[in-house]
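In case you want the letters, here they are:
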Amino acid sequence: MIHRTMISRSFIYVMLAMCLLCACNENGRESVDGGDNPLSEWTLPVMVAQAGEGTVQWNGFTEETVLLLVSPDGSEYRLEITVLTDSGVNFRVPSDVPEGTYMMVMEQDGRTEMGQIRITGRSLPVSDVRMPSEAVAGAVVSIAGIGFEDGCSIVLAGSAGEEHVLGTTLSCDGVCVTVPDDVSEGTYDVYLLQEGGRWLISDSFRVTSASVARRCTSIRYIAPYVGEAEIMLAWDISDDVLTLSEYLVQEGVPELNAYDSYVRRDEGYYALEHDGFESSNDMEMLYSRDQDGNVVSSDVLIYGDDRTTAFTWTYDSSGLLVDISSPRMSFRTLSYEEGRITAFHQTSFEYAPDGPVNSVYAPDVIWAYMSLMDRNDPFVYLPYLLGWYSTASDRLPSKILKPSPSGSGVLSCSLEYEFDDDGYVVSMNWSEGSERHRIEFIYSDMI
């Protein structure tokens, strides 16, 4: 009796399960492969960038499925289905779809509105973009960054609507372009064309004529001395000789007190030939440079040593010098924000949001300042003075913050500048208490 009851109950359970299965097949849609029924709901991405990819999760798509984006005005854009799986599709948005909110529509056994999706502008495919703020018409310009692709282009767009499309050559750290000779002087927006997209990478690139490209031949620091007299330190610069001099200036007339001179004896090799100023620790300097002209190492004979000390020059991924180290210690360090020097050794620098800009061919004022204040170790500054690499940023500093002469606290000095008609800084001025200080820049004719 018990045995029959168990059989009857098992039979009932089997029949109920079969009825439920039949009910599901009748209410569901037929699946892609005839197996499990498709889910009743799908999942859409909230937003996708132009030329970007997204995923719709749903197990009911077929190989004939068409997905469309429909704008509020009725314009339609067909999505490219790149991958079809049992759990959904991957799609790519055409690069010409305008930014905005769209209805995603599925064409499959009719036309079904699936839900809204937002299309955003494409993100810049290149990171850590850095380029000079100025160039001469006809010059080669290096644009650093990670992600440039072969075949990309650079566009110079002028305020009058004119555009110049420049071909690129890939380099070790980005691309190089040549500014055409016929580009008019002025300020241009710079765009990157790559993968069908267009991105703004600079809104203040200046093109100048070759007639205003000059080289700095001297930098001079003038400070109060005694009474009406002033003291002047000067770097005079040529490829073969660099001279650091001290002058006493009375009634505007400089009188030479002493000088040190560093003479080139071979390629990359400079030696202290005249030690009248007696401030230098560095007797001989041999520099090794990479293909871009950047110093990668230097062997320096320091006063009192019988052998040279090797220094390694380290750069960040953007090509900015961050450290000069000997085997024993970090000798000089630099810090940056947005490509601008914020700290150099024990001195800090601040920038105003819309601060002034120097000509890209003028020497960097921070390096000039440091080369005149830090006179004991000129091997750090000779590569800068010789113009072996560009150090200019897109802004001039607005303040110097340095250790106070009293030995405690920080002295904050606001900077003022004077420019010539071609945008070159000719003097940088500041006050320390009631005393006025300045650095003057002297330029030669066209490079």
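Predicted model, so just to flag it, every value in this text is computed and none were measured. The residue count restarts for each chain, going from 1 along the sequence in the order it is written. With the structure being a predicted model, the display of local features is reserved for residues of pLDDT at least 70 and the display and counting of side-chain atom pairs for 80 or more, all residues being used for whole-chain, interface and lining totals. To obtain the side-chain values, all non-hydrogen atoms of the structure were used and water was disregarded.

## So, the pattern of salt bridges
Reasoning step 1: Within this document, salt bridges are pairs made up of a side-chain nitrogen of Lys or Arg and a carboxyl oxygen of Asp or Glu, the two lying within 4 Å of each other. Enumeration according to the criterion identifies 15 salt bridges in this entry.
Reasoning step 2: In this structure, E163 and R198 form a salt bridge, with 2.7 Å as the shortest nitrogen-oxygen distance. A residue pair is termed long-range when its members are at least 10 positions apart, and E163 in strand β13 (residues 163-167) and R198 in strand β17 (residues 197-208) qualify at 35 residues.
Reasoning step 3: By relative accessible area, which is 40% here, R198 ends up partly exposed.
Reasoning step 4: Between D240 and R264 there is a salt bridge whose closest N-O contact spans 2.8 Å. Of this pair, D240 sits in the loop between β19 (230-237) and β20 (241-250) while R264 sits in strand β21 (residues 253-266), and the two are 24 residues apart along the sequence.
Reasoning step 5: Only protein chains enter the accessibility calculation, which uses a 1.4 Å probe. A residue is then buried if its area is under 20% of the maximum for its type, exposed if over 50%, and partly exposed in between. Judged by its relative accessible area of 37%, R264 is partly exposed.
Reasoning step 6: Among the charged side chains, a salt-bridge network with shared partners connects E53, E80 and R92. The helix and strand labels rest on DSSP assignments: H or I over at least four residues marks a helix, E over at least two residues marks a strand, and numbering proceeds from the N terminus.

## A short note on the layout of surface pockets
Reasoning step 1: Site definitions follow a grid-based scheme: protein atoms alone, a 1 Å grid, a 1.4 Å probe that fits but cannot get out for cavities, and for pockets an open set with protein on both sides within 12 Å along at least five of seven lines, plus lining residues having an atom within 4 Å of a point. Grid points are joined across faces, edges and corners, and a volume is the space filled by probe spheres set on the points. Reported here for the second largest pocket is a volume of approximately 230 Å³.
Reasoning step 2: If you trace the second largest pocket, you find it lined by Y221, H345, Q346, T347, Y369, M370, M373, D374, R375, K402, P403 and E432.
Reasoning step 3: Residue assignment for the lining of the second largest pocket shows that the elements contributing at least two residues are α2 (365-373) and β30 (399-403).
Reasoning step 4: With three residues, α2 is the largest single contributor of residues to the lining of the second largest pocket.
Reasoning step 5: Each residue is assigned to one of three groups, with Ala, Val, Leu, Ile, Met, Phe, Trp, Tyr, Cys and Pro labelled nonpolar, Asp, Glu, Lys and Arg labelled charged, and all others, Gly among them, labelled polar. For the lining of the second largest pocket, a count of residues per class yields five nonpolar, three polar and four charged.

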